[in-house]
Amino acid sequence: MVGRVRTGIPGMDEVLHGGIPERNVVLLSGGPGTGKTIFSQQFLWSGIQNGEPGIYVALEEHPLQVRGNMAGFGWDVRKYEDEGLFAMVDAFTAGVGKSREYERYIVHDLTDIREFIDVLRTAIKDIGARRVVIDSVTTLYINKPAMARSIVMQLKRVLAGLGVTSILVSQISVGERGFGGPGVEHGVDGIIRLDLDEIDGELKRSLIVWKMRGTSHSMRRHPFEITDRGIVVYPDKVLKRKGVIELE
Ligand SMILES: Nc1ncnc2c1ncn2[C@@H]1O[C@H](COP(=O)(O)OP(=O)(O)OP(=O)(O)O)[C@@H](O)[C@H]1O
């Protein structure tokens, strides 16, 4: 039986029938503001609390902003960076400005996927990472969609090869039906999709596990909330178009 990596997000491991199978590369897909970043940071924080080192690759926000936002949820990673339980890969600043002085892992040229993978591999080996988040993987191929599959497959080889369980954040547009393009969707081991839908004049959050190799999982659309302490998923509730329905 494959080992499980518990997300530690309340309710989510029930939806996943125990957690994400070890070494899976999971696409976490959703439109703007659906909670992808918070979900993936909570996944890393739960790992740290469990003694599993984790890496956050920042492509969309300044590393300082990432640390600040995480601390806002009570997930202050600074101490764990010193202890070697957490590492930030700065793929945002390109080493411009002060980041050169305080960031340990910097990707200078995002057009060079080899450099990106080298920096990531070094960080994983340095701290013995068990969990990795790339936020977002879309940024790596936004200007070269034809390369998307090849980039994801290269990442998958490295990540699974080093034994880590990973979340690749995939940005899609509001109303888009897919998860980030066919090449990517078939290549990854799992797809979790986060949604924000306007129902009766109110935005409702929900998620669905579309695929997850190595396990059965809920086939339902579950509502979730974002609170001051992060995400809470409701495995006993289903979001239908007319609203939330309680399961028996
Ligand atoms: N403390 C909080 N309590 C409740 N909701 C919050 C809190 N902090 C943030 N949010 C919600 O989370 C949303 C942002 O979530 P997140 O950054 O994870 O989205 P995302 O899917 O990564 O978006 P994008 O792709 O645009 O970066 C905000 O728009 C807000 O609705």
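Residues numbered from 1 in each chain as written. Predicted model: local features only at pLDDT ≥ 70, side-chain atom pairs only at ≥ 80, totals over all residues.

A. Molecular detail of the overall build of the protein. If you tally the helices and strands in the protein, you get nine helices and 14 strands. In terms of C-alpha radius of gyration, the protein reaches 17 Å, essentially the compact-globule figure of 18 Å for 248 residues. C-alpha atoms of the protein, sized along the principal axes, occupy 55 × 40 × 40 Å. Counting only residues that meet the buried cut, the protein has 43% of its 248 residues in that class. Residue pairs at least 24 apart in sequence account for 63% of intrachain contacts in the protein once pairs closer than 6 positions are excluded. (Helix = DSSP H or I, 4+ residues; strand = E, 2+ residues; numbered from the N terminus. Rg over C-alpha atoms; globule rule 2.2 N^0.38 Å. Buried ≥ 20, exposed ≤ 12 C-beta atoms within 10 Å, placed from the backbone. Contact = placed C-beta atoms within 7 Å.)

B. Fine view of the nonpolar core. One finds V26, I55, V57, A58, V89 and L168 to be the most contacted residues of the largest nonpolar core, which totals 66 residues. It is helix α2 (residues 36-49) that provides the largest number of residues to this core, a total of six residues. (Core = buried A, V, L, I, M, F, W, Y, C linked by C-beta atoms within 7 Å.)

C. Structural detail: unusual backbone geometry. Between D135 and S136 the backbone carries a cis peptide bond, its omega angle lying at 0 degrees. For S136, the position within the fold is in the loop between β7 (131-135) and α7 (138-141). One non-glycine residue with positive phi stands out, namely D200, at about 50 degrees. Mapped onto the fold, D200 is located in the loop between β9 (190-199) and β10 (202-212).

D. Quick peek at the UniProt feature "binding site: ATP" (unreviewed entry) in the protein. If you check UniProt for "binding site: ATP" (unreviewed entry), the listed places come out as G30, G31, P32, G33, T34, G35, K36 and T37 in our numbering. The partly exposed category is assigned to G31, around which 17 C-beta atoms lie within 10 Å. Ignoring sequence-local partners within four residues, the contact set of G31 consists of I172, S173, V174, E176 and L196. Residue placement: K36 occurs in helix α2. Judged by local crowding, K36 falls into the buried class, with 25 C-beta atoms found within 10 Å. (UniProt positions renumbered as here; feature names shortened; annotations may be inferred.)

E. View of the confidence of the model for the protein. Across the protein, the average pLDDT comes to 95, with 98% of residues at 70 or higher. Under the prediction, the complex receives an ipTM of 0.98, its pTM being 0.96. (pLDDT = per-residue confidence, 0-100.)

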